[in-house]
Amino acid sequence: MARVVVREPSTGARSAPPLARQKTSAFVRELLGAGWAAVFLPGEPARLGRLLLWKPTGAAAGDSVAPTGLETEAVELVLPHGRSVRRRRVEGYALPVAVAVSALADAEPTHPSGAAWQAATRFALRLLADGRLYPAITPAGYDTWQVGPWNAAQRQTLDALAAAFPPHAHCLPEPGPAPMGVPPVRAQPRTRGRIAEPAALVRQFCDAVADDLVRTPAAPLAMGSLPYAWREARAVPTLREWAEETQAALTAEVSVSLRVDVPEGRRRQFRAVLQLHTAADPALVIEAARLWSEPIEVERLLGPRAETETLLALRRGARAWPPLRRLLNDAAPDQLRLTDDEAFELLGDATDALRAAGVEVHWPRELVKALTATAEIGHRTAPGSTADGLLDTEALLDFRWQVSLGGEPLTEAEMDALAESRRPLVRLRDQWVLADPKLVARAKRRRMEPLTPMEALSAALTGEAERSEMGVPPAGGWGRDGDRVPCAAVGALGDLVARIRDPESRTPVPQPAALKATLREYQKRGLAWLAEMCALGLGGCLADDMGLGKTITFLALHLHRQSDPTTAGPTLVVCPTSLLGNWQREAARFAPLTPVRRYHGGDRHLKDLAGDEIVLVTYGVLRRDREVLAETAWSLVAADEAQHVKNPYAVTARELRALPARARVALTGTPVENNLSELWALLDWTTPGLLGTLAAFRDRHARAIEMGEDPEAAEHLSRLVRPFLLRRKKSDPGIAPELPPKTETDRVVPLTAEQASLYEAQVRETMAKIAESEGIARRGLVLKLLTALKQICNHPAQYLRQSTPLRGRSGKLDLLDELLDTITAEGESVLVFTQYKQMAALLEKHLAERGVPALFLHGATPVAPREEMVDRFQRGEVPVFLLSLKAAGTGLNLTRATHVVHYDRWWNPAVEEQATDRAYRIGQDKPVQVHRLLAEGTVEDKVARLLEAKRALADAVVGSGEAALAELSDADLADLVALGRQS
């Protein structure tokens, strides 16, 4: 009979080409599914063991032909026969371990023995994944890897697995046959009628898996031609002494530890008490003294080798720490009396050396936890220091260590005693305490580099500061290389932190008498928060949902500040052009006695500016006239729709930062649209220095959150920004209970034949170009492809730059016609948003041809016509309002609409929700229906599924839209843009 034997790396199934290995694994899985039995044949060394597959009575032969190189061989087994057993010679396939593991991992065996060895395979792989293996030497002197050391849970699993093994799974004569291809090292008699013990056989199989799988083709490249890396069987008898000692240490049933007792009462010396442990019961701890006084009882608990393994463990420990040799000289080693120097050695390098030798050192728990150190920021007793004036000065704040014993701060004298101590075990307040060397160093260098007020405030809010032990910046500056030091605010800084930590906890300030409105409770809390943050010079970002009344809250803040001479003065509001009219109307309505002027148009000026006047300016005019605007001492500057300055490097953002003001407020419904750098841009304007530099912020917070590197990073950032960002949603309890329900529906439409043809052609042609490009060129092609596909989904005429004909060519247009017919027939109004001006122009022309009255507002619409359009729509003169998403998605009040249609997707849920909030806002008294149009099976359809997850993170972390898709691999991108099934 032919035999399959693995002797060298260049032969056998393990080193066969990948296709051959795949064919072999597939053939083995077929046999296992056909009911073939399996039994493991041990080898020496272990990696030469094999799994035998043989055909029992009733099993199918299998449909496939055995792959080349896989031949049968004969093996004698002991099989059940009635009530007894008998030997039987069978033919089967003896598989190398790697092939057997690969096939068994995902096979579906039908014979009980196959299922048993599949369970053993998975058990062996779990052991390896847990790092349970060590080097050993076989009886014949071969290098081998073995599984171990075993913990109690793994031993229990092995016992349970072996107990469930059916006879066919371990039907070898006991002891097993000699490994094929390797001469036996000693006679192995075969005992008739007895079969191999299953637990021992499973252990041998686990050893074989360990010995085989770790010897990868890369191992010799990393280790060279060395034992435990090569695959061939070579005897290395010179390693036996080392291997046996290693094995004894790793497989010992008994381990030792030292419990250090500190001097108490009359006892003036430290002592190390020897303790014994067992792997079978980790909770069992026995003092070594009982081993010599009660040897029988201790051996019953720890095993018959308890004394031998204890002495071996002590010898290993003595090589790591010489004082243990004194224990070996004792007739009954149980405890070691220590000199002070020896006790202190155990606090340092000696503990690490003993742990490496397998001997743990335990100090009393109360001793270790007694001393703690906290970094304190601020002044405990700074005369005249108050929270109100803390941030107005340029003085630096103290940053110092405070050491406590049992929660009670040490006095200066005790701190001095600790700092002067040369040993880590110190006597303080009539007790011994263990002082970590770092803690002693902190006591010596109590004061670190002082912090600026904003650095101190940031550290106090997060509870951490980034400083090195010496208090100087690490190489490369603060950031990822800095040590995070726990800290707490004290004195005036502590009072300040307590005041601002919860934005909603302020006591509402009286509503200004000049405000002609009644503020809702949440608006009063917002006013109180803004008033205090501005009074402290900290500023803030009011980030309520669109429609919750940010404008009226800010007008109330302006009026409130006029009541105090220290805060009174003119206010500058910077906003998009489309909101100039809205601000002027709202001010005239709610603050009619306050003068308001538009600083806009050719005749703009700031002459005769009243002390309480509100000046409205657009972001565009700010870029041109910043120097003129900066000549006025503004009491308050507001940036409305502040996401317009989310890019800190843009000209608009730079000019806004250059405006002087006693207080700054950002107003936005989306503090984060695309990434966390936008949040930095907002808060660094309102509260400069709070988040550090942009580079440091990206390293410390944004990258860890956006890439998922640190699960605690989001909470850490939230603690820092929460006091400066007030965010309320319509869905929050008690915020806007009077708002009617909102229903959102995804309306999926099929592509027309023309759209499908254009779509597939665009994907085919552009993907071919993408496959041949890289870098910026590739990203440009990806974005171009996505834009083209979205335009095709909208209407072929948009993609082809046509004006006619439009009917019957787009599923979206057909559905829009149906929706508008129903909405207008019921006497209701609708907003139709699209991100493409060209598409909106096509819709305007199409609706005109159908006789449907419609308005069209886009970015180039002048201010006066914009305001006229809004008024006409709100009066109900025109039922359909076509809007450019970018130009009209914020600020407008269009509560006449009861339907909102998103003709195409912006791929940013926060932006879409802002657009929807033109209708769904305070003042809306009818249910609002939102219709999102999607082309079935297209990239639109697939991205829509991703948006739900993105919607949940929009307030904290969102991706970068289409730019993120540009980084997909070719395969992932092809899957995203491939046209799916059309109904």
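See above for the structure.
Summary of the structure given here. Everything quoted here is computed from the prediction, not taken from an experiment.

What follows covers the overall build of the protein chain. Regarding its fold elements, the protein chain presents 38 helices and 33 strands. Considering the protein chain as a whole, with its 983 residues, one finds that 52% of them fall into the buried category. When the accessible surface of the protein chain is summed, it comes to about 43,800 Å², and 52% of that surface belongs to carbon and sulfur atoms.

What follows concerns unusual backbone geometry. Peptide bonds are trans in most cases, and residues, glycine excluded, mostly fall at negative phi. Residue Pro-45 is reached from Glu-44 by a cis peptide bond, and omega for that bond is 0°. Inspection of the secondary structure assignment puts Pro-45 in the loop between β1 (37-41) and β2 (50-54). Along the chain, Gly-148 connects to Pro-149 via a cis peptide bond; the corresponding omega equals -5°. Along the chain, Pro-149 turns up in the loop between β6 (143-147) and α4 (152-163). Here the phi dihedral of Glu-641 falls at roughly 50°; this positive angle occurs in a residue that is not glycine. Within the secondary structure, Glu-641 is located in the loop between β25 (636-640) and α24 (651-657). Of the residues examined, Glu-641 reaches a relative accessible area of 2% and is grouped as buried. Although it is not a glycine, Arg-801 sits at a positive phi angle of roughly 60°. In this fold, Arg-801 is placed in the loop between α30 (796-799) and α31 (811-825).

Tracing the chain through its elements places Arg-316 in helix α10 (residues 306-320). Arg-316 sits in the buried class, given a relative accessible area of 16%. Apart from the residues within four sequence positions on either side, Arg-316 is in contact with Glu-245, Ala-249 and Ala-357.

Counting 117 residues, the largest nonpolar core has Leu-457 and Leu-831 as the members making the most contacts within it. Not counting residues within four places of it along the chain, the set of residues in contact with Leu-831 comprises Phe-873, Phe-881, Leu-883, Leu-894, Ala-897, His-899, Val-900, Val-901, Arg-918 and Ala-919.

Our next topic: the sheet that holds β2. If you trace the 4 strands from one edge of the open sheet to the other, you get β1-β2-β4-β3, paired in antiparallel fashion. Looking at strand neighbours, the two that pair on one side only are β1 and β3 (72-81), the edges of this open sheet. Going across the sheet, the axis of each strand differs from the next one's by a mean of 40°, ignoring polarity. Bridge analysis of β1 against β2 gives 5 bridges, and the strand direction is antiparallel. By the bridge assignment for β2, Ala-38 is matched with Leu-53.

This next bit is on the environment of Leu-314. The residue Leu-314 is located in helix α10 in this model. A sequence separation of 43 residues divides Leu-314 from Ala-357, and the C-alpha atoms of the two residues are 9.4 Å apart. Setting aside residues no more than four positions away along its own chain, Leu-314 makes contact with Leu-274, Leu-327, Leu-328 and Pro-333.

Running from N to C, helix α2 (residues 97-105) and helix α5 (residues 198-213) point in directions that differ by 105°, and their axes come no closer than 9 Å. The angle between α2 and α5 places the two elements in the roughly perpendicular class. On α5, the residues that touch Val-97, Ala-98 and Val-101 of α2 are Ala-208, Val-209, Asp-212 and Leu-213. A breakdown of the residues in the contact of α2 with α5 according to their chemical character gives 6 nonpolar, no polar and 1 charged.

Moving on: the sheet that holds strand β32 (residues 899-902). With parallel pairing, 6 strands are arranged side by side in an open sheet as β28-β33-β32-β29-β31-β30. Only two strands of the sheet have a single neighbouring strand rather than two, namely β28 (742-749) and β30 (854-857). Geometrically, the sheet is characterised by an average inter-axis angle of 20° between neighbouring strands, direction not taken into account.

At their nearest, the axes of helix α28 (residues 753-771) and helix α38 (residues 970-977) sit 11 Å apart, and the two run at 170° to each other. When the interaxial angle is binned, α28 and α38 end up roughly antiparallel. Contacts between α28 and α38 involve Tyr-759, Val-763, Met-767, Ile-770 and Ala-771 from the first element and Asp-970, Leu-973, Ala-974 and Val-977 from the second.

Rules of the game
Residues numbered from 1 in each chain as written. Predicted model: local features only at pLDDT ≥ 70, side-chain atom pairs only at ≥ 80, totals over all residues. Heavy atoms only, no water. Helix = DSSP H or I, 4+ residues; strand = E, 2+ residues; numbered from the N terminus. Buried < 20%, exposed > 50% of the residue type's maximum accessible area, 1.4 Å probe, protein only. Areas by Shrake-Rupley, 256 points an atom, 1.4 Å probe, with all protein chains shown as cover. Contact = heavy atoms within 4.5 Å. Core = buried A, V, L, I, M, F, W, Y, C linked by side-chain atoms within 4.5 Å. Pairing = 2+ DSSP bridges. Axes fitted to C-alpha atoms, helices over the stretch in contact; angles between N-to-C directions. Parallel < 35°, antiparallel > 145°, perpendicular 65-115°, else oblique. Nonpolar A, V, L, I, M, F, W, Y, C, P; charged D, E, K, R; others polar.

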